[in-house]
Structures are given as structure tokens and as C-alpha cells.
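Residue-level listing of the chains:
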Amino acid sequence: MFFLKNTKLYLSFITIISLSFFGGAHLAFSSSTATTPIQKIESHLIELKKNDQGIRQKLIEVGFDNLTESLRNELDSIDKKNTDSLKRIINDHGWPILSQINKEAKNAFLIIIQHSDKDPEFQQHALKFVKRAYEEGHIKGQDVALLTDQILLAEGKPQKYGTQFNVVNGEFIIFPLENESKVDFYRSELKLPKLEQYIDILKKYYAN
């Protein structure tokens, strides 16, 4: 089954689509213009994101059914380096750094957490601060929902917000839900559109 065989890879691509689509357009911060400590951190995070998305674009072009051991190892290596780099940033500056960096760097920060699934303890720890950042208005509810659902699915549990899906013969199949009758209520708590609307948005995104 595709979901069981390629869960990590597939959820990774969903993360990129959702964060970029719901986060809006971003402008990369050039390292050559980074002058303050915060700007340097922003530039570094954006570079990490470029590496993250570069390898995933390569995997998309090759196709899931044609993945080689070399590509899988390259993906794991990049994810580990990015996770380690993010941990160093957090260790040096603390979690409040998430509220201080610009929009593009926040996007990179969150994507790296999403792709740190080889370190579930770090993801669990991060979720507390991601929720706090949302409550303080620094990030969007979609960021909380994505990380929450990814962690739940990685633990073999049903997702809460319905952000994770598969595409089978052009049809969007939402992975099992914790409570189907309450999913729209859960989503409304994070100011997210109803699940049906979310699926329509994804269909339009893929159609383009």
C-alpha cells in the first residue's frame, strides 16, 4: 500500500504544499544582505529550506516507484542536517526566535520541524511551542494542524484535523480521522476552512 510504504515521503510533500499554499507568497532573504543576527538566522533557515525542497523536487521528478537507495539516503541525510541545524539555532536563541524571524524564515522553520520525523521526541517537544506561537499570533492554525496530524499518523493514530491525504486515481483520500463528526469543529478552532472546502482547495491547487 502506498501510504504504508512511503508515508514519510508523501507526508513531506503534503507539508510543502500546505505551508506554501496557505502561507501565501514569500520572498527569499539573500545572505549577502543579512546584517543583523536575526537576518543571518533568517538567511540560514531559508538556505536549509532550499535544500529540503530541492531533494523533494528531485524525488517527485524521479517518481515514487523509481526511488533508489541513494536518493533515500540523500533525503535522510539532508533532513538530519536540517534538524541538527535547527536544534542549534533553538539551543542558541530559544524558541522565541520563531516569533522574531520573518515570514519566509518561519515557513522554513516549520517545514524543517515537519521533516524531523526521524526525531519524534523533538517533534513532540516542538509541538508545544508551535501551539504557543499560534496562540500568540505568530503563525497560522494550519501550521499547528499539519504538525499535529503528522505526529499522530506517525504514531499509528488517526489524525485530528484532516490535513493529511493520499491521491488515488485522481481522487483525494483523507487518511483516517480521530472523529469525523467533529473534524470541522476542530478545524474551526484553528480558523481553518471546513474539510470539504480544504479538499476543494487542494483539487484546484493540483489542477494548476
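Refer to the preceding data block for the structure.
About the cut-offs
Residues numbered from 1 in each chain as written. Predicted model: local features only at pLDDT ≥ 70, side-chain atom pairs only at ≥ 80, totals over all residues. Heavy atoms only, no water. Helix = DSSP H or I, 4+ residues; strand = E, 2+ residues; numbered from the N terminus. Buried < 20%, exposed > 50% of the residue type's maximum accessible area, 1.4 Å probe, protein only. Contact = heavy atoms within 4.5 Å. Areas by Shrake-Rupley, 256 points an atom, 1.4 Å probe, with all protein chains shown as cover. Axes fitted to C-alpha atoms, helices over the stretch in contact; angles between N-to-C directions. Nonpolar A, V, L, I, M, F, W, Y, C, P; charged D, E, K, R; others polar. Salt bridge = Lys/Arg side-chain N within 4 Å of Asp/Glu carboxyl O.

## Here's the deal with the overall build of the protein chain
Turning to step 1, where the next piece is worked out: The helix and strand tally for the protein chain stands at nine helices and two strands.
Turning to step 2, where the next piece is worked out: Along its sequence from the N terminus, the protein chain presents helices and strands in the succession α-α-α-α-α-α-α-β-β-α-α.
Turning to step 3, where the next piece is worked out: The buried share of the protein chain, taken over its 208 residues, is 47%.
Turning to step 4, where the next piece is worked out: At a minimum sequence separation of 6, the contacts of the protein chain that also span at least 24 residues come to 61%.
Turning to step 5, where the next piece is worked out: Accessible surface for the protein chain amounts to roughly 10,900 Å². Of this, 52% is attributable to carbon and sulfur atoms.

## Observations regarding the environment of Gly137
Turning to step 1, where the next piece is worked out: When you line up the elements, Gly137 lands in the loop between helix H6 (120-135) and helix H7 (141-154).
Turning to step 2, where the next piece is worked out: On a C-alpha basis, the gap between Gly137 and Ser99 in space is 8.8 Å, while along the polypeptide they are 38 residues apart.

## Structural notes on the packing of helix H5 (residues 103-114) against H6
Turning to step 1, where the next piece is worked out: Axis separation between H5 and H6 bottoms out at 10 Å; the angle between their running directions is 145°. For the pair H5 and H6, the contacting residues are Leu110, Ile113 and Gln114 in the first and Phe122, Gln123, Ala126 and Val130 in the second.
Turning to step 2, where the next piece is worked out: A breakdown of the residues in the contact of H5 with H6 according to their chemical character gives five nonpolar, two polar and no charged.

## Let's talk about the pattern of salt bridges
Turning to step 1, where the next piece is worked out: One pass over the full model with this rule turns up nine salt bridges.
Turning to step 2, where the next piece is worked out: The partner of Lys50 in a salt bridge is Glu47, with the nearest N and O atoms 3.3 Å apart. On the criterion of helical spacing, the pair formed by Lys50 and Glu47 is a turn pair, its members being three residues apart in helix H2 (residues 37-62).
Turning to step 3, where the next piece is worked out: Overall, the relative accessible area of 46% leaves Lys50 in the partly exposed class.
Turning to step 4, where the next piece is worked out: The exposure class assigned to Glu47 is partly exposed, which follows from its relative accessible area of 36%.
Turning to step 5, where the next piece is worked out: When the shortest N-O distance is used, the salt bridge between Glu155 and Lys157 registers 3.3 Å.
Turning to step 6, where the next piece is worked out: Counted as one network, the salt bridges with shared partners bring together Asp52, Arg56 and Asp79.

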